[in-house]
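Spelled out, the chains give:
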Amino acid sequence: QKEVEQNSGPLSVPEGAIASLNCTYSDRGSQSFFWYRQYSGKSPELIMSIYSNGDKEDGRFTAQLNKASQYVSLLIRDSQPSDSATYLCAVNTEGTYKYIFGTGTRLKVLA
Amino acid sequence: SAVISQKPSRDICQRGTSLTIQCQVDSQVTMMFWYRQQPGQSLTLIATANQGSEATYESGFVIDKFPISRPNLTFSTLTVSNMSPEDSSIYLCSAWDREETQYFGPGTRLLVL
């Protein structure tokens, strides 16, 4: 059974701090990794994708991938109250169409 | 990216009835999917909607309960049949763009009484 694990939270950080969200996966054949943000009552919105080891930065967001340790993380710098949402990690294995989603981490940014 | 619309956005239905949800993508896409998200839970894949052929269902989901159509590369429907309160959920349509990145529609909130 391929799994994606996330801490459900809530993770509370003060405004302006760095929020660090972590995700581990079980399938070593995983090739593509995604972070989705989901506001309450809304559908998931893609915010980052990463495919190779290392860091990928996009504005205030940095995705980090370590395939040897089978984890992927998302850092949110200068966290804002508007970042408060559930963040879903998703993993895809090359050659398959299925994304495996984690259960999500609820982030609360305190003003 | 792919822009996806769904309708209805929400509905309240009686037990034993059926509801058909429509999904429209703004461009031709190869892969379309249907997910369910129950309150406080993550996403569960129901099936892959295949253009011109029967959908591919995941374990625990069957065609009689969730018939799916996909007549072309931009449109799909999911029917929730013979509904019970346990079917109350958010149903999400998704599609891959050309880079095989998955995007989601706004979802359909279903409440079965």
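Since we're looking at a predicted model, the values are computed, not measured. (Residues numbered from 1 in each chain as written. Chains lettered and ligands numbered in written order. Predicted model: local features only at pLDDT ≥ 70, side-chain atom pairs only at ≥ 80, totals over all residues. Heavy atoms only, no water.)

## Comments concerning the overall build of chain A
What chain A contains, in helices and strands, is zero helices and 11 strands. What you see in chain A, going N to C, is helices and strands ordered as β-β-β-β-β-β-β-β-β-β-β. The C-alpha radius of gyration of chain A comes to 13 Å, within 12% of the 13 Å expected for a compact globule of 111 residues. Expressed along its principal axes, the backbone C-alpha trace of chain A runs to roughly 45 × 30 × 20 Å. For chain A, the share of sequence-separated contacts (at least 6 apart) that also reach a separation of at least 24 residues comes to 54%. Accessible area for chain A stands at about 5,400 Å²; split by element, carbon and sulfur atoms hold 46% of it. Counting 11 positive and 11 negative side-chain charges, chain A places the centres of these two groups 4 Å from one another. (Helix = DSSP H or I, 4+ residues; strand = E, 2+ residues; numbered from the N terminus. Rg over C-alpha atoms; globule rule 2.2 N^0.38 Å. Contact = heavy atoms within 4.5 Å. Areas by Shrake-Rupley, 256 points an atom, 1.4 Å probe, with all protein chains shown as cover. Lys, Arg positive; Asp, Glu negative; His and termini not counted. Charge placed at Lys NZ, Arg CZ, Asp CG, Glu CD.)

## Focus on the interface of chain A and chain B
With 16 residues of chain A at the contact, the number on the chain B side is 20 residues. When the buried area of chain A at its contact with chain B is split by residue, Tyr97(A), Tyr99(A) and Phe101(A) rank highest and sum to 39% of it. Our enumeration of links across chain A and chain B arrives at one salt bridge. Lys98(A) is the salt-bridge partner of Glu58(B), the closest N and O atoms lying 2.7 Å from each other. Here chain A and chain B share six residue pairs in polar contact (both at pLDDT 80 or more) between them. When contributions to the side of chain A that touches chain B are tallied by element, the ones reaching two or more residues are strand S4 (30–38) and strand S10 (99–101) of chain A. Among the elements that line the side of chain A that touches chain B, the one with the most residues is S4(A), at three residues. Class assignment for the residues of the side of chain A that touches chain B results in nine nonpolar, six polar and one charged. (Buried area = accessible area lost by both parts, 1.4 Å probe. Salt bridge = Lys/Arg side-chain N within 4 Å of Asp/Glu carboxyl O. Polar contact = N/O pair within 3.5 Å; in protein donor to acceptor, adjacent residues only side chain to side chain. Nonpolar A, V, L, I, M, F, W, Y, C, P; charged D, E, K, R; others polar.)

## With respect to the pairing of strand S3 (residues 19–25) of chain B
All names here are of chain B. The side-chain alternation of S3 yields one buried face, formed by Leu19, Ile21, Cys23 and Val25, and one unburied face, formed by Thr20, Gln22 and Gln24. Where strand S1 (residues 4–7) and S3 come together, four bridges link them in antiparallel fashion. If you follow Ile4 over to S3, its bridge partner there is Val25. Where S3 meets strand S8 (residues 75–80), six bridges bridge the pair, whose relative direction is antiparallel. Bridging across to S8, Gln24 finds its partner in Phe75. (Buried < 20%, exposed > 50% of the residue type's maximum accessible area, 1.4 Å probe, protein only. Pairing = 2+ DSSP bridges.)

## What to know about the sheet that holds S3(B)
Here four strands make up an open sheet; going across it, the order is S1-S3-S8-S7 (chain B) and the pairing antiparallel. Pairing within the sheet leaves two strands with one partner each, and these edge strands are S1 and strand S7 (68–69) of chain B.

## So, the pattern of salt bridges
All chains considered together, the criterion is met by five salt bridges over all chains. Note that Arg60(A) and Asp83(A) form a salt bridge whose closest N and O atoms lie 2.9 Å from each other. Separated by 23 residues along the polypeptide, Arg60(A) in the loop between strand S6 (54–58) and strand S7 (61–66) and Asp83(A) in the loop between strand S8 (71–76) and strand S9 (85–93) bring together distant segments of the chain. Ionic pairing is found between Asp87(B) and Lys65(B), a salt bridge with its closest N-O pair at 2.6 Å. Taken together, the residues Asp87(B) in the loop between S8 and strand S9 (89–96) and Lys65(B) in the loop between strand S6 (56–57) and S7 connect sequence positions 22 residues apart.

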